Structure formats: structure tokens, C-alpha cells
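What follows is each chain in one-letter form.
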Amino acid sequence: MGAVVIATGGAAIAEVVTPEPVSSPSFNGPVYAVAYRGSTVFVGGNFTNAIVGGKSFARTRLAALDARTGALLDWQPSADANVRALAVAGDVVYAAGDFDNVNGTSRDAIAGLGAADGRLTPMRHTVLGQPNTIATGNGRLYVGGRITAVDGAPRGNLAAFSLADGTLDPWAPTTDDVVNAMAVTGRRVYLGGRFHKTNKVSSTLRLSAVDAASGALDTTFTAKPVSQVFGLAADSSGVYAALGGQGGRAVAYAPDGTTRWTRVFDGDAQAVATLDGTTYVGGHFDKACTTGNNGVKGVCTDGSVPRGKLAAVDAQGNLLPWAPQANGVVGVRQIATSPALGSISAVGDFTTVGAVSRKRYAAFAGGARRSESAPATGPVASYNFDSTIADGTFDDGSGHGHVLRAVTRNGGQVAMEPHGSGQALTFPPRCTGPECPRLVLQAAATDDLNPQAQPFRYGASVRLAAPPAGATGQDGQNILQKGYAAAGGQYKLQVDGVSGKPSCVLTDRTGDGSYLARSRSSIADDNWHTVECRRTGPTLAVVVDEKVQASVAVPAALSIDSEQPFSLGGKGVGVNNDQFHGALDDVWIHIG
């Protein structure tokens, strides 16, 4: 089963909004755009009425809501055609779209409106083309779309205006095709769309970054999205993209453009936003794929979990349980977040969220805080091999009494080596044949080492030498194991002695189906590495040197309840015991 490369790990604390939508108005036509300003949410689209309690209130393609209560506000500017994008700066709400008139006054495709009263600002321009996206920052209103000129001045799908006086800004990078999305930081403007070149440079396919002041191409950012970009969001960790194509993808990129993580869906991802360490994704998908593989028409080939039009991903790329389940074909077009309120708003063409009627607008309030990696309780087992009990066995530093006892065959014996300020356990060297030395450490089978369906983590510090010259094939070596891939289930940390790539394995108590997350990085270099397996709800991840290397989805109900002993260094002392041939230190298990 293929794995999905994801982002750097860590003990990030994050908050996930509730999956149940709060009370809010509905709209009688598509909603394309949404933006927060304090406790107010502004929306734009192609509607003519807002619906509250079954009653219709005239709102012509623009409206405002109270973000705290969901009440419809008395903010009533009007546009004569689609409003496709909104942005806020200070006391002004900026709108862009297909309109020629706003509030009955000529405004070609772009307008500024008072956030309090909806009155037009003096800003007025002639735009040749269609704006699709706008964003504010660095004293400018940035505009992207399919644009050839503004006020007669040539523009290549991008333009900017001064926030101070509304005049056309010299900022004028170019693309060779449509721009669908932008995300602004203090130094960069990220561009996403269908283009192949930015500023005539061909290595900027679909996603690029330009200087926020000069428009010059930022060549230190090089991303390679596999399909058209529909949505963008940015934070201090990089940029997040919503992609279409065969199925759809949400991808997190580092500031240099390298991929941090990818989540795959069975339909286009069209919207993306971040809030408090969580990335929210919207689109017209119905399922999230359990791996990075999908096939014809975007069908998930390795399994999937339901995610109707909305999904959430944590900072390491793990798919979160959050699943409001919206309906519709087009689904969610845009998502906005409010860090101050801890809430998000989604807009589009859906009409229900879960079992609740929410026509084309839904808001979700802040929920309980969660920890990405900090356990709810301390370790249930912990071994540093720096001290032994009188009979030569190893004590459990967690205080739970899971003493490790050595089991040997064919001359295998316990050996120690210096590591840090203490010592590490060394296992027998590589050997072929039925009489090779074998060493396994085992703790008695007890219920408190069985995680059942709870979140849990386990890991160790590992040193593994490079394989012999010319070694081929597979050389499975067990580092840590509880149970077998049969009745009762199993969790395991293993490493391939040839490729040097560690992997994590979970098997349900029924014995049906094993789930494997394999690192893409080798640890077979005779240096010490920390390796961790992390099960958080529906996700299993492998972490190497505090960086999450890969993740796979697992059933949320997967449960492990094995009567087998806990083992280090092999699954037993028989001929095919998957003997480990390196050194271990600081082995631990956290459950909860």
C-alpha cells in the first residue's frame, strides 16, 4: 500500500472547529466568496435573497452576517452580476466579479464598499477581463484572473491597486493563462491557476511566488503541482494548495516549494484555509482516499473514508475525524477562517450539512483543543537499558512493572554499548543460516499494553549499519512488536535491513487487513535515529528524527487486544524470527 508524504512533525497544539454548523441564513443562489472582518462575515455570489426562518430578505449578490450569532445584518449593497471574490482591509470591503454596476453606479469588475454602510468608495477602474481572486496586504489590493488591461494599461492576468487611494499600482507580474487563486504574505504573493509560465519563465507551472512589492519572480520557490490550482492559503510554514485533476488534492508546500504533505480525494479540491494548525479543505469530493493513489474518475484505489465536500488535515498531514458531510455536486467553493473567533465559514452550492439545512453557507464554531503528539497520560512502558535488575533483566522505567527478560538461542547474548550518557542494547550481527545467534527481549502479556481503539504512540532510538555490499531483496527486522497479524491484532515497528527504511504496522483484532506506513528515508547509516509510530484516530504515521515521513488512513474502529507478549528485537527465537541486527535505546509506549 503506497504512503503519502507529509509534513514535519511536532507537538503542535491545535483547535478543530465543531462538525455541526451553527445557526445562519441560507441563500437562493450560489455563494462564491466569503471574508471575515472582526465579528462580521461578508458573502458574495449570484443570489438575490437571504433566507432566515423561512422568510426571504432581498440581498442582491452581497450580504453580511453576524459571525457570533449568525444573524443577517442590514448591509445591503447590490451588484448587477456575479461577485466572485471578496477581501477586507480596514473599513473597506473589496468585491470583484462580472458586474458592471454596484449600487446602481458604474463599477467595472472591481469595487470598494464601506464595511459599515455598504456605500461605494471612489475607487473606479476599467478592467478588460474577468477577475477571479483578490487579496489584500502590503498596502495593496492584489487581483488575479483572466485580465488583459486595466484603464488601458496592459496586464497579464494580474494587477494591483493602492489601498490608500485606490489608484492602479505599478505591480504587474504576468502569467500565460488564468489565475484562480492568490495568497499574500509580507514578502510574497503566491499565485495558483492554469498557467504554465510566470513572468515568461517556464518552470512555474500552475503555482509560483512573486515579490509582493516588485512582482519579480521568486526563484527560491519551486513547486510542481500535478494539476490546476483552484485555491491557496499561506502561513509561516508555507503555502497550501487545493488542486483539481484526476480526483483532487490538498498539498502543503514548504517555503522553498518542496512538498510537506499531500491528501487525495475522489473529486476536485477547490478551497483551502488554515486555522490554528489545522488545514480545512473544501471541494466537490465525497471521499478522502486512504493513500495517495486514485484511478479513473478519481476513484480511490486503496480504500477511502467519507468526507462530503469538507475535510480537515492536521499539521503533519494526518486526516482528522472532522466530517460535516455537505451535499451537492459543485460543493464547497471557498472557505474563510477567523483566528480571533476560532471559527470558519464555507460557501458554495451545497444545501445541507449533515442532516441540517444550510443552503450555500455554513459556519462552524471553535471546538475543543487537541494535541498532535502529547499523550493524555504518561508512558505505559519505558526502557533506557541503563540499569538492570539483579537477575539480569531490564526494568520498566514507566513504573508499570513490564520487566524485559532476554530469550536467546544459538549463543545469542545480551551485549551493551555506550550511548549518550548511558548505554544501549546491541543485538546479534547479521548472519545467514539456521544456527544464527538469536536474542529477543520479552515482557509478559498484560492488558495495559493493548491500546484497543485508543490513540497511541510507540518508538525507539535505533542504530542500524548499512547492508553488506550487493545485498538485494528484503530483510525484515523487527524492532518492537506486540501481537501477531491474526486474532487479537498487532502493532509493530520494523525496518528493512536492505533499504534501511523503517515502517509501522497495525492489524485489527479480527486479523482482517494490515495497515503499513513506510518511511521514504533510510536509517541504515550506522548513526542513531529516533523512530516513532503514531496512531491518531483514523491515521497511522511513521516519524523519523521528529519528522513525519509517511501516513496512511486506518479504520477509526481498528482495535488491538492481543494476548501475546511484548517483544523487542524479533517476534520470537525460531528460525524465521525477523531478528534485529542493530542497537536500541530509549524504547517507549504511550497509550491514550
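Just so you know, these numbers come straight off a predicted model, no measurement behind them.

Caption draft 1: Region of interest: the packing of aromatic side chains. In total, this model carries 14 aromatic pairs according to the counting rule given. Consider the rings of Tyr-383 and Phe-566, whose centres lie 6.4 Å apart with planes at 15 degrees: the pair is stacked. With Tyr-383 in strand 35 (residues 379-383) and Phe-566 in strand 48 (residues 566-568), the pair connects residues that are 183 residues apart, well separated along the chain. The residues Tyr-383 and Phe-566 share a single accessibility class, namely buried. Taken together, the aromatic side chains of Tyr-280, Trp-322 and Phe-364 make up a single cluster linked through ring pairs. Seen from the ring of Tyr-32, Arg-84 lies directly overhead, with NZ or CZ sitting 5.7 Å from the centre.

Caption draft 2: Layout of the nonpolar core. One finds Tyr-458 and Phe-566 to be the most contacted residues of the largest nonpolar core, which totals 45 residues. Those residues in contact with Tyr-458 that lie beyond four places of it in its chain are Leu-480, Tyr-491, Lys-492, Leu-493, Cys-504, Val-505, Leu-506, Val-531, Glu-532, Cys-533, Trp-588 and Ile-589. By size, the runner-up hydrophobic cluster in this structure holds 19 residues, among which are Ala-271, Ala-312, Trp-322 and Ala-326.

Caption draft 3: Just the pairing of strand 38 (residues 422-426), in detail. In this sheet, strand 38 lies alongside strand 37 (residues 415-419) in antiparallel orientation, the contact comprising 5 bridges. When the sheet's bridge partners are listed, Met-416 is paired in strand 38 with Leu-425. Note: strand 38 against strand 49 (residues 583-591), 2 bridges, orientation antiparallel. In the strand pairing of strand 49, Thr-426 is matched with Ala-583.

Caption draft 4: The arrangement of the sheet that holds strand 4 (residues 40-45) in detail. On the basis of which strands lie adjacent, the open sheet formed by 3 strands has the order 3-4-7 and antiparallel pairing. If you trace the sheet from one side to the other, it starts and ends with strand 3 (31-37) and strand 7 (62-66), each paired once. Taken over all neighbouring pairs, the strand axes of this sheet differ in orientation by 20 degrees on average, direction set aside. In the sheet, strand 3 pairs with strand 4 via 6 bridges, with the strands oriented antiparallel. Paired with Ala-33 across the strands is Gly-44, a residue of strand 4.

Caption draft 5: Main features of the pattern of salt bridges. Tallied over the entire structure, the rule returns 16 salt bridges. Here Arg-37 and Asp-91 are joined by a salt bridge, their closest N and O atoms 2.7 Å apart. Residue Arg-37 is found in strand 3, and its partner Asp-91 is found in the loop between strand 8 (83-89) and strand 9 (92-97); the two are separated by 54 residues along the sequence. One network of salt bridges, with partners in common, ties together Arg-146, Asp-177 and Arg-194.

Caption draft 6: Looking closely at the state of the cysteines. By the definition in use, this model includes 3 disulfides. Here Cys-289 connects covalently by a disulfide to Cys-300, the sulfurs 2.0 Å from one another. Residues Cys-289 and Cys-300 are joined by a disulfide whose S-S torsion is about -75 degrees; by sign, that bridge is left-handed. Of the two residues, Cys-289 sits in strand 26 (residues 287-289) while Cys-300 sits in the loop between strand 26 and strand 27 (304-306), which places them 11 residues apart along the sequence. Grouping residues by exposure puts Cys-289 and Cys-300 together as buried. Cys-504 shares a disulfide with Cys-533; S-S distance 2.1 Å.

Caption draft 7: Up close: the side chain of Asp-585. On the secondary structure map, Asp-585 appears in strand 49. The charged side chain of Asp-585 is buried without a salt bridge, its nearest counter-charge being Arg-463 at 10 Å. Other than its neighbours up to four places away in sequence, Asp-585 contacts Tyr-383, Asn-384, Phe-385, His-419, Gln-423, Ala-424, Ala-460, Ser-461 and Trp-528.

Caption draft 8: Broad picture of the sheet that holds strand 25 (residues 278-283). Taken in spatial order, the 3 strands line up as 24-25-28 in an open sheet, and their pairing is antiparallel. If you trace the sheet from one side to the other, it starts and ends with strand 24 (269-275) and strand 28 (310-313), each paired once. Strand-to-strand, the axes of this sheet are offset by a mean angle of 20 degrees, without reference to chain direction. Bridge count between strand 24 and strand 25: 6 bridges; the pairing is antiparallel. By the bridge assignment, Ala-273 is partnered in strand 25 with Tyr-280.

Definitions and cut-offs
- Residues numbered from 1 in each chain as written.
- Predicted model: local features only at pLDDT ≥ 70, side-chain atom pairs only at ≥ 80, totals over all residues.
- Heavy atoms only, no water.
- Phe/Tyr/Trp six-rings, centres within 6.5 Å; stacked < 30°, edge-to-face > 60°.
- Helix = DSSP H or I, 4+ residues; strand = E, 2+ residues; numbered from the N terminus.
- Buried < 20%, exposed > 50% of the residue type's maximum accessible area, 1.4 Å probe, protein only.
- Lys NZ or Arg CZ within 6 Å of the ring centre and 35° of its normal.
- Core = buried A, V, L, I, M, F, W, Y, C linked by side-chain atoms within 4.5 Å.
- Contact = heavy atoms within 4.5 Å.
- Pairing = 2+ DSSP bridges.
- Axes fitted to C-alpha atoms, helices over the stretch in contact; angles between N-to-C directions.
- Salt bridge = Lys/Arg side-chain N within 4 Å of Asp/Glu carboxyl O.
- Disulfide = S-S within 2.5 Å.
- Lys, Arg positive; Asp, Glu negative; His and termini not counted.

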